[in-house]
Amino acid sequence: MSNTEQTLSIIKPDAVERNLSEEIKEKIIENIFKIFKEKKIKIEKQEAEKFYQVHQSKPFYNDLCSYLSSGAIVVMILERENAILENRKLMGATDPSKAEDGTIRKKYGISIDKNSVHGSDSPENAKIEIDFFFKE
Ligand code: IDP
Ligand code: MG
């Protein structure tokens with residue numbers, strides 16, 4: 001049975017500032033995702049705080065929100081069969097030093113905070129995150 005899904009992907013400031021966006025997008029496309037929508041933006045810290053609300057009790061929350069709002073990001077809606085899980089696999093573990101070979105975070109991530117990409121982790125969050133950035 002087919003299960004075409006959409007997920008939200010973000011190329012984070014560390015990757016955008018190293019001019020890795022095109023390379024990362026190529027890797028995404030190679031993995032048979034369609035980039036359904038895409039925009040390069042910079043967000044305010046307040047917006048990052050809202051986006052990462054689920055992490056507000058974490059010790060790294062403030063730094064995380066400062067970081068996501070520190071420079072340009074590329075936000076994309078990706079579409080393919082099982083997009084949410086497949087994008088998480090392609091990204092690799094949160095900590096790049098623990099990510100598997102062939103993953104985006106293994107190849108491009110600098111550290112657990114500067115790990116180059118975000119991807120939705122569930123169908124519920126994919127919908128919330130897509131609406132957050134793309135709702136008209
Ligand atoms: P994910 O991005 O793999 O879904 P989450 O646990 O949802 O990981 O955490 C969101 C983001 O918060 C991570 O991508 C990473 O940038 C940052 N983060 C997670 N854990 C830590 C930590 O222990 N120290 C610093 N930053 C962290
Ligand atoms: Mg997450």
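Scroll up to find the structure this text is about.
Described in the following lines is the structure provided in the data block.

Bringing the overall build of the protein into the picture now. Along the backbone of the protein there are 7 helices and 4 strands. From first element to last, N terminus to C terminus, the protein shows the α and β order β-α-α-β-α-α-β-α-α-β-α. Taking 2.2 N^0.38 as the reference for a compact globule, 136 residues should give roughly 14 Å; the C-alpha atoms of the protein span a radius of gyration of 14 Å, in line with that estimate. Its C-alpha atoms give the protein principal-axis dimensions of roughly 40 × 35 × 25 Å. For the protein, buried positions account for 47% of its 136 residues.

This paragraph deals with the site of ligand 1. Surrounding ligand 1, one finds Lys12, His55, Phe60, Leu64, Arg88, Thr94, Arg105, Ile112, Asp113 and Asn115. A distance of 2.6 Å is found between an oxygen atom of ligand 1 and a side-chain nitrogen or oxygen belonging to threonine 94. Burial of ligand 1 by the surrounding chains reaches 77%, relative to a free accessible area of 520 Å². Among the residues making up the shell around ligand 1, the classes are represented as 3 nonpolar, 3 polar and 4 charged.

Let us look at the sheet that holds strand 2 (residues 34–41). Each strand in a sheet pairs with its neighbour through backbone hydrogen bonds, running either in the same direction (parallel) or in the opposite one (antiparallel). The strand order 2-3-1-4 describes an open sheet built from 4 strands, whose pairing is antiparallel. This sheet does not close on itself; its edge strands, each paired only once, are strand 2 and strand 4 (117–119). Recorded for the sheet is a direction-independent mean angle of 20 degrees between the axes of neighbouring strands. Bridge count for strand 1 (residues 4–11) against strand 3 (residues 73–81) is 8 bridges, and the pairing is antiparallel. Bridge assignment links serine 9 to a residue of strand 3, and that residue is methionine 76. Contacts between helix 7 (residues 123–134) and the sheet are confined to strand 1, strand 2, strand 3 and strand 4, with strand 1 contributing the most and set at about 55 degrees to the helix.

Inspection of the entire model under this criterion finds 7 salt bridges. A salt bridge links glutamate 22 to lysine 25; the nearest nitrogen and oxygen atoms lie 3.0 Å apart. With glutamate 22 and lysine 25 both in helix 2 (residues 21–30) and 3 residues apart, the pair spans about one turn of that helix. Note that glutamate 38 is salt-bridged to lysine 25, the shortest N-O span being 2.6 Å. Of the two residues, glutamate 38 is situated in strand 2 and lysine 25 in helix 2; the sequence distance between them amounts to 13 residues.

Here is what the cut-offs are and how they apply
- Residues numbered from 1 in each chain as written.
- Chains lettered and ligands numbered in written order.
- Predicted model: local features only at pLDDT ≥ 70, side-chain atom pairs only at ≥ 80, totals over all residues.
- Heavy atoms only, no water.
- Helix = DSSP H or I, 4+ residues; strand = E, 2+ residues; numbered from the N terminus.
- Rg over C-alpha atoms; globule rule 2.2 N^0.38 Å.
- Buried < 20%, exposed > 50% of the residue type's maximum accessible area, 1.4 Å probe, protein only.
- Near = heavy atom within 4 Å.
- Polar contact = N/O pair within 3.5 Å; in protein donor to acceptor, adjacent residues only side chain to side chain.
- Areas by Shrake-Rupley, 256 points an atom, 1.4 Å probe, with all protein chains shown as cover.
- Nonpolar A, V, L, I, M, F, W, Y, C, P; charged D, E, K, R; others polar.
- Pairing = 2+ DSSP bridges.
- Axes fitted to C-alpha atoms, helices over the stretch in contact; angles between N-to-C directions.
- Contact = heavy atoms within 4.5 Å.
- Salt bridge = Lys/Arg side-chain N within 4 Å of Asp/Glu carboxyl O.

In short, shape yes, function no, at least from these values alone.
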